[in-house]
Each structure stands twice: as structure tokens, then as C-alpha cells.
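Below are the chains, spelled out letter by letter.
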Amino acid sequence: MPRTARAGRSGSLQRRLLGMLLAPVLGLALFGGTAVHDRVERVRAVDAAVAQVRAAVALDAVRLGVAQEVTPALLSGLLADDAGARRLGVDPAVLDALALPDLPERLSAARTAVDTALVRAGGTAAAREAGQAAEELRRLRAAPRADRPVEALFTEYRELAERLGVQAAAHLRTGRAQGLDGATTSAIGDLARVSRAATLAGAEMPLLLAALLGTGPAGEAVRARFVEAWGGYREAAGDVVGSCAPEVVTAWSAATGSAVRAVDTTAAALATAGQEPPLERLPALLAANQRRDTGVGAAVRVAADVTVASATAHADRARRELVQLLLVTAVLLAASLAATLVVRASLTRPLARLAAQARAVGAGELVDVAESGPEEVRTVARGLAAAVDGLRRLRDQAQAVAAGDLDSEAARRPLDGPLGEVVHDSVGRLIDAIHDRERLRADLSHQASHDALTLLPNRARAQALLEAALRRAEREGHRSALMFVDLDRFKQVNDSLGHAAGDELLRVVSQRMGAVVRGGDVVCRFGGDEFVVLVPVAPPGAEAVVLEGLRELGQRLVDAVCAPLELCGRQVRVGASVGVALSGAGTTPEQLLHDADAATYRAKAAGRGVVRVFDERLRAELSERSATEGALREALERGQLVLHYQPVLDLASGRTRGVEALVRWRRPGHRELVGPDAFVPVAERSDLVCELGRWALREAAAQLVRWDAEGGDRAGLAVAVNVSGRHLAAPRLLEDVRTALDAAGVDPARLTVEITETVLVEEPLALEHLRALRALGVRVAIDDFGTGYTSIGQLSRLPVDVLKIDRSLVASIDAGHAALVRLVVSAAHGFGLGVVAEGVEEPHQLAQLAATSCDAAQGHLFGRAVPPDELATPSLPGARAGERVPAQGARG
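Just so it is clear, the structure is predicted and the values come from calculations on it, not from any experiment. (Residues numbered from 1 in each chain as written. Predicted model: local features only at pLDDT ≥ 70, side-chain atom pairs only at ≥ 80, totals over all residues. Heavy atoms only, no water.)

1. Details of the overall build of the protein
- Within the protein, the regular secondary structure consists of 30 helices and 15 strands.
- Split into buried and exposed, the 892 residues of the protein put 44% on the buried side.
- Here the protein displays about 43400 Å² of accessible surface, and carbon together with sulfur accounts for 55% of that area. (Helix = DSSP H or I, 4+ residues; strand = E, 2+ residues; numbered from the N terminus. Buried < 20%, exposed > 50% of the residue type's maximum accessible area, 1.4 Å probe, protein only. Areas by Shrake-Rupley, 256 points an atom, 1.4 Å probe, with all protein chains shown as cover.)

2. Focus on the sheet that holds strand 13 (residues 802–805)
- Pairing in this closed barrel of eight strands is mixed, and the strands run 8-9-10-11-12-13-14-15 around the ring.
- For strand 8 (residues 641–650) and strand 15 (residues 856–857), the ladder comprises two bridges, and the chain directions are antiparallel. Across the sheet, Asp650 pairs through a bridge with Ala856, a residue of strand 15. (Pairing = 2+ DSSP bridges.)

3. Re unusual backbone geometry
- At Asp784, a residue that is not glycine, the phi angle is positive and equals roughly 55°.
- Structurally, Asp784 is set in strand 12 (residues 779–785).
- Phi at Ser853 is positive, roughly 65°, even though this residue is not glycine.

4. With respect to the sheet that holds strand 2 (residues 522–527)
- Reading across from one edge, 2-3-1-6-7 is the order of the five strands in this open sheet, with mixed pairing throughout. Each edge of the sheet is formed by a strand with only one pairing partner; in this case those strands are strand 2 and strand 7 (611–613). Strand after strand, the sheet turns through a mean of 20° between neighbouring axes, direction not considered.
- Relative to strand 7, strand 6 (residues 575–582) runs parallel, the two being bridged by three bridges. Among the inter-strand pairings, Val580 is bridged to a residue of strand 7, identified as Val613. (Axes fitted to C-alpha atoms, helices over the stretch in contact; angles between N-to-C directions.)

5. So, the pairing of strand 1 (residues 481–488)
- With eight of its eight residues buried, strand 1 lies for the most part within the structure.
- Residue alternation in strand 1 divides its side chains into two sets, Ala481, Met483, Val485 and Leu487 and Leu482, Phe484, Asp486 and Asp488, and both sets are buried.
- When strand 1 meets strand 3 (residues 530–535), the two strands line up antiparallel, connected through six bridges. Looking across to strand 3, one finds that Leu482 is bridged to Leu534.

6. Focus on the pattern of salt bridges
- Following the criterion strictly, the structure yields 24 salt bridges and no others.
- A salt bridge links Arg518 to Asp521; its shortest N-O distance comes to 2.9 Å.
- Classification of Arg518 as partly exposed rests on a relative accessible area of 34%.
- Exposure remark for Asp521: the relative accessible area of 11% places this residue in the buried category.
- Two residues, Glu699 and Arg706, come together in a salt bridge whose shortest N-O distance is 2.7 Å. (Salt bridge = Lys/Arg side-chain N within 4 Å of Asp/Glu carboxyl O.)

7. Things to note about the side chain of Arg694
- Within the fold, Arg694 resides in helix 22 (residues 688–710).
- Using a relative accessible area of 9% as the deciding quantity, one classes Arg694 as buried.
- Among all residues touching Arg694, those that are not within four sequence positions of it are His727, Arg732 and Asp736. (Contact = heavy atoms within 4.5 Å.)

8. Considering helix 5 (residues 127–140)
- The terminal C-alpha atoms of helix 5, which comprises 14 residues, lie 20 Å apart, in line with the 20 Å expected from a rise of 1.5 Å per residue.
- Listing the buried residues of helix 5 in full gives Glu129, Ala130, Ala133, Ala134, Glu136, Leu137 and Leu140. Down the axis of helix 5, the smallest arc covering the buried residues is 165°, so these residues share one side. Structural note: helix 5 exposes Arg128 and Arg138 on the side pointing more than 90 degrees away from its buried face. (Expected span 1.5 Å × (residues − 1). Arc of directions from axis to C-beta.)

9. Quick word on the nonpolar core
- In this structure, Val719 and Leu849 are the most contacted members of the largest nonpolar core, which totals 72 residues.
- In terms of residue count, the dominant contributor to this core is helix 22 (eleven residues).
- Formed by 57 residues, the second largest nonpolar core is a distinct cluster that contains Leu172, Ala201, Ala255 and Ala303. (Core = buried A, V, L, I, M, F, W, Y, C linked by side-chain atoms within 4.5 Å.)

10. Comments concerning the packing of aromatic side chains
- Taken as a whole and judged by the stated rule, the model has three aromatic pairs.
- When the centroid spacing of 5.7 Å and the interplanar angle of 70° are considered together, the rings of Phe484 and Phe526 count as edge-to-face. Here Phe484 is found in strand 1, whereas its partner Phe526 is found in strand 2, with 42 residues between them in sequence. A single burial state applies to Phe484 and to Phe526, both of which are buried.
- Measuring from centroid to centroid gives 5.5 Å for Trp665 and Phe679, while their planes differ by 85°, and the two rings are edge-to-face. Taken together, the residues Trp665 in strand 9 (residues 655–665) and Phe679 in the loop between strand 9 and helix 21 (680–684) connect sequence positions 14 residues apart. This pair shows no difference in class: Trp665 is buried, exactly as Phe679 is. (Phe/Tyr/Trp six-rings, centres within 6.5 Å; stacked < 30°, edge-to-face > 60°.)

11. A word on helix 26 (residues 766–776)
- Where helix 26 is concerned, the buried positions are Ala766, His769, Leu770 and Leu773. Across the axial projection of helix 26, the buried residues extend over an arc of 100°, all falling on one side. Pointing more than 90 degrees away from the buried face of helix 26 are the exposed residues Glu768 and Ala775.
- Positive backbone phi, at 110°, marks Gly777, one or two positions downstream of helix 26.

12. Thoughts on the environment of Cys524
- Locating Cys524 in the fold gives a position in strand 2.
- Linking Cys524 and Val485, residues 39 residues apart in sequence, is a C-alpha distance of 9.9 Å.
- Excluding anything up to four places from it in sequence, Cys524 contacts Leu456, Pro457, Ala462, Leu465, Phe531 and Val532.

13. Structural notes on the packing of helix 16 (residues 490–497) against helix 17 (residues 499–516)
- As a packed pair, helix 16 and helix 17 sit with axes 6 Å apart at the nearest point and diverge in direction by 140°. Put simply, helix 16 runs oblique to helix 17. Along its contact with helix 16, which presents Phe490, Val493, Asn494 and Leu497, the element helix 17 presents His499, Ala501, Gly502, Leu505 and Leu506.
- The class makeup of the residues in the contact of helix 16 with helix 17 is six nonpolar, three polar and no charged. (Parallel < 35°, antiparallel > 145°, perpendicular 65-115°, else oblique. Nonpolar A, V, L, I, M, F, W, Y, C, P; charged D, E, K, R; others polar.)

14. Brief notes about the pairing of strand 11 (residues 751–756)
- Across the six residues that make up strand 11, a large majority, five, are buried.
- Note that strand 11 and strand 12 share five bridges and pair parallel. For Thr752, the partnering residue across the bridge sits in strand 12 and is Arg779.

15. Looking at the packing of helix 4 (residues 103–121) against helix 5
- One can describe the packing of helix 4 onto helix 5 by two numbers: an axis separation of 8 Å at closest approach and a directional angle of 150°. It follows that helix 4 is roughly antiparallel to helix 5 by the angle criterion. The hand of the helix 4/helix 5 crossing is left-handed. Only Ala127, Ala130, Ala133, Ala134 and Leu137 of helix 5 make contact with helix 4, whose side of the interface consists of Val114, Leu118 and Ala121.
- In the contact of helix 4 with helix 5, the residues fall into eight nonpolar, no polar and no charged. (Left-handed = near helix turned anticlockwise from the far one by under 90°.)

16. Let's talk about the confidence of the model for the protein
- In the predicted model, the protein carries a mean pLDDT of 79, and 81% of its residues have values of at least 70.
- Low confidence marks residues 880–892, where pLDDT is under 50. Its contacts with residues over four positions away, or in another chain, come to 27 contacts. (pLDDT = per-residue confidence, 0-100.)

17. Regarding the side chain of Glu136
- Checked against the element boundaries, Glu136 lands in helix 5.
- Reaching out from Glu136, the side chain makes a polar contact with the side chain of Arg139 at a distance of 2.4 Å.
- Excluding residues that lie within four positions of it along the chain, Glu136 makes contacts with Leu160 and Arg163. (Polar contact = N/O pair within 3.5 Å; in protein donor to acceptor, adjacent residues only side chain to side chain.)

18. Points about the environment of Thr294
- Along the chain, the position of Thr294 falls in helix 11 (residues 282–362).
- By relative accessible area, Thr294 is classed as partly exposed at 45%.
- Leave out the neighbours within four places in its chain, and Thr294 touches Gln68 and Arg301.

19. Here's the deal with the environment of Thr873
- Among the secondary structure elements, Thr873 is positioned in the loop between strand 15 and helix 30 (887–891).
- Using a relative accessible area of 21% as the deciding quantity, one classes Thr873 as partly exposed.
- For the pair formed by Thr873 and Gln646, sequence separation is 227 residues and the distance between their alpha carbons is 9.4 Å.
- Engagement of the side chain of Thr873 in a polar contact is seen with the side chain of Asp713, the distance being 3.5 Å.

Here's what the structure looks like:
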């Protein structure tokens, strides 16, 4: 019973509050907003309609001025252009006899009136159309030219006047569509009728004049247009008289009354009976037409004034209604506000106090809750006070848990009632969850900072440790060192035995390295087959002693890594190249990593399996390399690179069948051309080598086209271009080759791409890109064959066309090397590959190659690499097409 009664009173209170506060205000707001919006839109529509009417009137004034200008402009044009007059069938002598002494003044006055009307139109909604008309008039008013005869001038004037009339009518239609009252809509319709009639009246006299003056086919066409305009004007004038308001009809009748009756009579006689008035009446007709045009313009202004007045009255009424609506709405809102204040004073003040206390509790403030107001409010206040007391006890438990005091009295004591049991159980579960979370956080932190395979610190952790070590070294005045360890031959193990074996190899290597380093040194896996060893405190002593100790540590790492191990039932070995860098004052982590990496690169270049320390000499070399790289980049941009070409002779025909393109650098400050050995290795360390290869491909292809155009022995040659491993692995390689060939228009079969054996081993994308190049039609050659890792048994699987035997094998006097050359030639032919011998400098070398059935050769014996204009195409003495050159012939 008490609960039901309280619920009823509570519901009644809610209904009273909603009914007294929300309903009137919301209803009034909806009503007032809708009504105000409707009135505002109505006012806007009327204002827009007035603007459109003013624009139409302004454009019609411009049209009237153009119509008044066209007649004196046409007559002036005919007087100035005898040839144009004769083309229209008008005798210039007749025009001179008319003696129109005021024609220049009339033309000037007409133009002044048009310009004034254009300025006024520029300030209305027709500003864009006025600007276009002004530009057209400037062109029409220019002196007649050969490309614009006087008959065209008339047509362009007439078209401009018609276009202005159409634009004025469009503005009127836009204004009429604004949803206005009946009077304003009717007034706009009257203005549209008068404007249309005025437009046709303005076109009538120029057409009448052209019909009078013209003869022949052109005159007949003009006469037909005149009749059409005359008929349209008669219809439009009748529509004005029969449909418009009285004041508009009066103005129109005054404009077309007896004072200008001669114009209508003459036009009707010409249109219906073909009666042409004598030319002597032309001045009188022109004067009468000018009076009619002036009256018609006045009639248009009368219609416009009526329209604007009607629209303005409509707008005024809408504004008055809007003001009245706003006043009513304000009164109603004021009454609602007064009622709200009364209700607040009697009922809502206790609710507001209780709401403020509830908000404070919701914000976490456990305030004391006071009871006041109606019974319903006091009941809620008592419930809120009980909830606050429970929250205070819950806060004490939360503080105990947060402080880690999980065995305190506050943590153990449950709340009263069923909720207390639930909260107490939740606290216990929360404590367990905190322990689980801490364990999980520790696990995740370890996983985020350690390599999952080797359990060593990962790259991010290594960089953080390095940064901390350098800060500590700077603070404590000692030095730190970093060793960069790069495994050698790891890829071969990974490819031959599989990734599982590769992973096991990395785990074993990491354990061996960890067993070798000193306590406090940290081994980290930097990524892939790269490791770093952080030496937070370098061995004490002079720098030479410190470096020697680091070299010894690095050598121990190399020895440990290089020891054989058993994988997949096979004994395998890998090597390691170690680069060492020592910190100094102000050394950054990035700089120390860069120095250690550079030293590792030097170790690999020195034969792998060695330790190299970054020193001042290496720093100078890096600086020089950086300068060379910058200069080379500038050389590419400024065209300082050139290609020289060395002939390649076909030993079967004894003739030059192609050339090899070799890059040279005209480096500023160097007296001689710089060879590729001085800058290509520098380019190989960056993507600059791709730019270099891209340029060489384009230039070589373009040179073939130039030789073809010159004709002679160099026409039709093929060219071989060296492509680096980095460029071969680049995604843009195929696009670069295709672009060079397409730009020059060269057959892909005339281009050979040369690569080294090591590229096939070190670049995963090499084989895929080589297959794509061959599919394109480009030939592929392995350069310096016989010095790398490629076995003869692999040739059948390689996507290549030519083997180029290394010069060291060709020049060797060792019988074993000669046998190797014969084996390579025989094996290549067996697999359908061509063979080119490099570095042929002596006749006996050529004889030996010919005896092995080698396909082609190049070297200083036939010619050095020279600029394209100096290239000769040597042939072997005694050679005939299709015959192999004998050894003795080579010597001769």
C-alpha cells in the first residue's frame, strides 16, 4: 500500500511537470518556428522576385539601346563599306544621297544610352549577362574588317538583341516561379508580355531597313525574317492590349499611337503587299521608330513599376505578418516562462536541489543528501542517502584494493544486503584479475621486446638499450661499443634445407654468440640474419688497446658462428662478417649503428669471415663516397654521363654484330673521363644505381636509332647494357626497359641485358624478372661467367640466352682454364645458349676461341670502348659470311 501510493504520487508529479513545462513550450516552439519559417521564406521569395524583375528590366533597357544602335550602326557600316553595300544590292550613291547629317550623333547617342543601361544592369542579378553583352558590343563596335563584312554586323547586332530579350524573359520566369500572390504574379505576366512585344518591336525596324536596302537572294532572306518579326510583333502587341492591366495598356497605346503610325503603316505595307517606301522617307521613318522605341521603353518601365510595387506590397504584408507572429510568439513564451517560474517556486526547487545532489554523487562526490519538498521527493532523497552510504563503504574497499591493502578491514567487510554479497565476491574476483593482468603484462612486455625465435632482444629493444647505454656512457665518462654481425651463406642454407632448418640455425647461432660475449654484453637479433652485440662499457685502456680487445671479441664471435653444426642430417657451415664501432662524445644511436653497418660492409668486401673496425679512414671513405654519390646524382641531372661502345664480333661471319655500352663520367675537375669502377660501386649502395641503369637503357636504345638513321655499317647493330642486381630486383625494371624501347622504337631483340652470376644468388626476384624480360623479347646474358657461383648444371634452368666468359679465363695460359673455356662453350651450345668471350687482346687468344667454336668475342684486339661517333665496325681478315675464321687468319 505505501509503495503503491508513493508510485502514484510520483507519476502524478511527473505528469504535472511534463504538462506544465514541456508541452506548452515544445508546442509553442514548433508552431512559432514553422510559422516564422514560412513567413521568412515568403519574404525571401518576394525579394528574389523583385530582384529578378529589376534584372529583367535592366536587360530590357540594354536590349532597347542595342535595338536603337543597330540601325545607325548598319547605315554607318554601309556608308563606310562600299563593297558590303554592293553585296547587299545597295547602291552607295543612293545612301550618300539620303544625306543623313545627324547619323554620327545619333549613333553616338545610341551607344551612350546602351553603355548607361549596361552600367545599371551590372548592379542587378543580370550582372553576368550584362558583362557578356558589353564584351560582345565592344567587338561589334570595332571598325569593319575583311573577316566581318557589314552584312554580318547586322546579323550579330540582331542576334545580340534577341539574346538579351530571351535572357530578360528568363529572369521574369524565374521571378514568376517564386510562389507569389496572384496580383504580383499577374503583374510579372504583364511585364513579360510587354517585354516580349518590345523585343519584337526593336527587331522590326533594322529588318525593315535591311529589307529595303537589300536585293537578290540575300535581300529575300532578310525580307522573310522581317515578315516573321512583323507578324510576331503584331501578335505580341495584341496580347499586351488584350491581357495587361489598364495602366500598362495606356502606356503601350501612348508608345504606339498616331505619332509613330508611319512606322506601323510602312511595315504593314511591306509585309503584306510588298510595297517598298521610297528611300527619301527613310530619315522620317528612323525618327518615328526612335520615338516608338522610346515609348515602348517607357511602357516596359510602367509594367516594371507596377510589378515592383505589387511585389513590394506583398513583401510588406509578409513582413507585417512576420512581426505580428513574432509578437504573439513572444507573448506566449513570456506566459510560459511565468508559469514555469511559478511551478519552479512551488514544486521544482526541491527537485532541483535533489538533482544537484544526484549529479554530485554521479560525479563521484559522496555528499550528504537533505530531505525536503513533496513526499515523492523526500522518498527519493532517502533512497539516494542510503545509496551514498553504500558508495562510501565501496569507496573504502576500492581504496584498499588500489593501495594493495587487500587484507584490511575495509576490503574484507561486505556491504549490507544482497548487493553487498555480490560486491564482496566481485572484489575477490578483481584481486585475482589484478594478479593475472600483471602476469600477462609482464609476458606481453617480454614478447614485444624480444625475438620469438631466438628469445634475444629484438630490433626495437636493441635500439632502446643502445640509447640508454650511450646516455649512461656520456654521463659516467666511459665509452660504449657496438658490433654488427651479418651471417654469410645463410640464404643458401635456408633455400636448400628449408625455413625450419634456417630457424634452427639462427637459434644455434644466437646461443653460441651468447656463450662468447662477456657478462653485461647484450646480444640482440636485429632482423633476418643480422645480429648486434651491445658492449655497454668498452674495455678500459688506450684507444688502441680498446680496439684490439673489441677485435678479439669480434673474432671469437666469428669463430663461434663458423663452427660446423648438424642440420637435417647434414653438416653445414655459415660464416659471419663483423663490423665494430666505438662511441665518442655526442654519438647518437643512429650514428653508431650506421658506423657499425659500414664496417660490416667493409668486412664483407674484404672476403667475409673477418672483423673490421670503423675508423677515421673508413669515415673519410664514407664521406668521399657520399660526395661521389651527390656528384653522380648531379651528373645524371646535368647530362655529364656518356656511353662508350665496344664492338662485339661474330666469329662465324667475322663481322661486328653488336656493341656493349659502357658508361663514362665527364666529371668536372677531372681531366680524364671517369670509368665505372670509380662510381658504380657507390651507386650500388643506393637506389641511384637504378637511375643510372634507367638512363643507360634509354641512351643506348636512342643511339641505335641514331645509327640506323645514319646508315652504313653501324645501322642494325644490337647493344648490350649492364644492369645491376639492385635494379634487376626493383619493381620498375620491366617498365624501365619497356619505356626505353618504346621511346626509341627499337626491336626488343636488339637489346641484351647483362647481369652477373652473383645476382642470381642474392636477388630473389632476379629469375622472375629475367623471365619477364625474355617474354618481352629482350635477350639476357650472364656477364663474367666462370668466376661466380653458377654451376654448368644449372644452365638448363636459368632464363638466359648468352654466357660471357670472364676475361681472366680467356687471358689465362693455364691449360686447365683453357679446358674450362672449352667445357663452357660446349655446355652452353648443348643448352642452346650463345657464348661471348671477353677481354680478347692477343691473336692467339682469338685462335683458341675459334677452335672451341665460340660464337663471338670482344676486347682490345678489335677495338676499345669509344664514343658513338668514333665507333668502327671491324671485321676479321679473310672472313666470309657463314664461315668461321681460322686461327692463322686471326693472327694476320
